[in-house]
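One letter stands for each residue in the lines below.
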Amino acid sequence: MKHTGSCHCGKVAFEVEGEIKGALSCNCSICQKKGSLLWFVPRTDLKLLTPDDAAATYTFNKHVIKHRFCASCGIHPYGEGTDPKGNAIAAINIRCLDGIDLAAIPVQHYDGRAH
């Protein structure tokens, strides 16, 4: 299934392919403040509809995750990194997807503070 999404102002827009079976709510220092609900997909399943440089990048700590956000409205629609096997992944903030019933998606809580 194809989903569309964007930041609040639309300067960062994308499509993502896949079935949302669940989302992750992390309590690490940045996720706790952002309030993102993350759906992980292979990076190849994320297609940007706006130029890559429309999204600013923030990294911290080990600098292995690129937290992508709109420099205009500040919304964080996705992040980029690698899974434990070294595969490129995207962490989609499902709150930025169009037409999603958030109440219907099971949420797993992850203790990112402990890792």
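What comes next is a walk through the structure. (Residues numbered from 1 in each chain as written. Predicted model: local features only at pLDDT ≥ 70, side-chain atom pairs only at ≥ 80, totals over all residues. Heavy atoms only, no water.)

## Structural notes on the overall build of the protein
Next up, step 1: On a plain count of helices and strands, the protein comes out with 1 helix and 10 strands.
Next up, step 2: The globule rule puts the C-alpha radius of gyration for 115 residues at 13 Å, and the 13 Å found for the protein is close to it.
Next up, step 3: For the protein, the residues scored as buried account for 39% of the 115 residues in total.
Next up, step 4: Across the protein, contacts joining residues at least 24 apart in sequence account for 54% of those joining residues at least 6 apart.
Next up, step 5: If you sum the accessible surface of the protein, you get close to 6,900 Å²; carbon and sulfur atoms cover 52% of it.
Next up, step 6: Side chains of the protein give 13 positive and 11 negative charges; the mean places of these two sets differ by 7 Å. (Helix = DSSP H or I, 4+ residues; strand = E, 2+ residues; numbered from the N terminus. Rg over C-alpha atoms; globule rule 2.2 N^0.38 Å. Buried < 20%, exposed > 50% of the residue type's maximum accessible area, 1.4 Å probe, protein only. Contact = heavy atoms within 4.5 Å. Areas by Shrake-Rupley, 256 points an atom, 1.4 Å probe, with all protein chains shown as cover. Lys, Arg positive; Asp, Glu negative; His and termini not counted. Charge placed at Lys NZ, Arg CZ, Asp CG, Glu CD.)

## Here's the deal with the layout of surface pockets
Next up, step 1: Empty space within the largest pocket amounts to approximately 860 Å³.
Next up, step 2: In this structure, the largest pocket is lined by 33 residues; those nearest its centre are Cys26, Cys28, Val64, Ile65 and His67.
Next up, step 3: With 5 residues, strand E8 (residues 78-82) is the largest single contributor of residues to the lining of the largest pocket. (1 Å grid on protein atoms, 1.4 Å probe; cavity = no way out; pocket = protein on both sides within 12 Å on 5 of 7 lines; lining within 4 Å. Points joined across faces, edges and corners; volume = space filled by probe spheres on them.)

In short, the description is geometric, and any link to function would need to be established separately.
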